[in-house]
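Working through the structure, step by step
Spelled out from the first residue to the last, the chains are:
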Amino acid sequence: VPPTFDPESLWSYEIGGVLAPAGMPLLVQWSVYYNDWKDVQTLAVLQGSPLTITANGGKAAGPGVDLQVTYRPLDSLELSASIGWNDMEYKSTTPDKKQGDPMDFVAPLTGAISATYRFPIGQVQAYVRGDAQYTDAFEVNLRNFLAAPVVSESRTLVRASFGVARGAWDGQLYVDNAFDADKVAMPSYGTLSEPVRTLPRTIGITVNRRF
């Protein structure tokens, strides 16, 4: 067994900007990036045994794009949308990876939309908000340990909330995973005998006091 393993090295090159047209209630934020990842830490099977150890693998790299748009047609209404895409993949062949395999645990596409409406109730400021978040499926591919890659499930989770604030106090009533989506967020492999699934619909109340 190797006594240790080397640290990973990641260089990230990014360019982006913010666009806020004069006289328009619009804000656009964007970035384009490229990640160059070397000595990726990975699991290796100890020859002649079922044991796994942490070892340095090969190289991974790829481009990505992030975009967020916020629009306020009214002072009391804010609409927002965002999307993220990347094409991270392994660039070398190692015992557990083949060149071209997608990056483990990395969802190629994510996105979100939200709407927030604010209004007064007497001396109290109130708001209602709705969110929807999408996460693409991702792979975990350990060729020296698994016969085939294991895959999560794409999922869309919806959240709704109603909040009030006055002075140093604020409170919120919320519903997470409003449509009770039951999806595999982390697939089972190795010692993880059961997949990790999304939390079921959750209704809660939070109260905050600022000092």
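In what follows, the accompanying structure is described. Predicted model, so just to flag it, every value in this text is computed and none were measured.

A tally of helices and strands in the chain yields zero helices and 16 strands. Taking 17 Å as the expected radius of gyration for a compact globule of 211 residues, we find that the chain reaches 22 Å, considerably beyond that expectation. If one aligns the C-alpha atoms of the chain with their principal axes, the spans along those axes are about 75 × 40 × 35 Å. Here the chain holds 211 residues, and 26% of them are scored as buried. If you take every contact in the chain between residues at least 6 apart in sequence, the share linking residues at least 24 apart comes to 54%. Element-wise, carbon and sulfur atoms account for 59% of the exposed surface of the chain, whose accessible area totals about 13,300 Å².

As a further point, take the packing of aromatic side chains. Summed over the entire model, instances satisfying the criterion amount to four aromatic pairs. Summarising the aromatic geometry, the rings of Phe105 and Tyr189 are spaced 6.4 Å apart at their centres and angled 45° between planes, so their arrangement reads as tilted. Here the residue Phe105 occupies a position in the loop between strand S7 (89-90) and strand S8 (109-121), and Tyr189 occupies one in the loop between strand S14 (184-186) and strand S15 (196-197), the gap between them amounting to 84 residues. Assessed through its relative accessible area of 39%, Phe105 is described here as partly exposed. A centroid spacing of 5.7 Å and a plane angle of 25° characterise the contact between Tyr117 and Phe119, whose relative ring orientation is stacked. Accessibility expressed as a relative area gives 38% for Tyr117, which makes it partly exposed. With a relative accessible area of 22%, Phe119 lands in the partly exposed category. Through a chain of ring-to-ring contacts, the aromatic side chains of Phe105, Phe138 and Tyr189 assemble into a single cluster.

With that settled, the discussion passes to unusual backbone geometry. The backbone phi angle of Asp39 is positive, close to 55°, even though this residue is not glycine. Phi at Phe105 takes a positive value of approximately 65°, unusual for a residue other than glycine.

A few words on the environment of Val32. Structurally, Val32 can be placed in strand S2 (residues 26-38). Under the relative-accessibility criterion, Val32 is labelled partly exposed at 40%. Sequence separation between Val32 and Gly64 is 32 residues, and the spatial gap between their C-alpha atoms is 5.9 Å. Among residues more than four places away in sequence, those in contact with Val32 are Tyr13, Glu14, Ile15, Gly64 and Val65.

The next point concerns the nonpolar core. If you look at the biggest cluster of nonpolar residues, it comprises six residues: Phe138, Val140, Leu142, Leu146, Val150 and Tyr189. Sequence-distant contacts of Phe138, defined by excluding residues within four places in its chain, comprise Phe105, Val106, Ala107, Val150, Val151, Ser152, Ala185, Met186 and Pro187. If you look at the next biggest cluster of nonpolar residues, it comprises five residues, including Val40, Ala60, Tyr90 and Met103.

A word on the pairing of S8. Sheet topology places strand S6 (residues 77-86) next to S8; nine bridges connect them, and they run antiparallel. For Ser82, the partnering residue across the bridge sits in S8 and is Ala112. Pairing between S8 and strand S9 (residues 124-135): 12 bridges, direction antiparallel. Bridge pairing in S9 places Arg118 opposite Tyr127. Turn length for the S8-S9 hairpin, with the two strands adjacent in sequence and antiparallel, is two residues, and the turn residue Gly122 shows positive phi of about 65°.

Procedures and definitions
- Residue positions are counted from 1 within each chain, in the order its sequence is given.
- This being a predicted model, a pLDDT of at least 70 is required before a residue's local features are given, and a value of 80 or more before pairs of side-chain atoms are given or counted; all residues contribute to the totals for chains, interfaces and linings.
- Values reported for side chains reflect all heavy atoms of the structure, with hydrogen atoms and water molecules removed beforehand.
- Runs of E in the DSSP output that reach at least two residues are strands. Runs of H or I that reach at least four are helices, and both are numbered from the N terminus.
- Values of the radius of gyration come from C-alpha atoms, whereas the globule rule sets the reference at 2.2 Å times the count of residues to the power 0.38.
- Type-normalised accessible area, obtained with a 1.4 Å probe on protein chains alone, sets the label of each residue: buried when under 20%, exposed when over 50%, and partly exposed for intermediate values.
- The contact criterion used is simple: two residues touch if any of their non-hydrogen atoms lie within 4.5 Å.
- Note that accessible areas follow from Shrake-Rupley with a 1.4 Å probe, and for residues the cover is restricted to the protein chains shown.
- Between rings of Phe, Tyr and Trp, where Trp is taken as its six-membered ring, a pair exists when centres lie within 6.5 Å; planes separated by under 30 degrees are stacked, by over 60 edge-to-face, and by other angles tilted.
- For this analysis, a nonpolar core means a set of buried residues of the types Ala, Val, Leu, Ile, Met, Phe, Trp, Tyr and Cys, connected via side-chain atoms within 4.5 Å.
- Note on pairing: two strands pair once DSSP finds at least 2 bridges between them.

So yeah, pure geometry; function would need other evidence.
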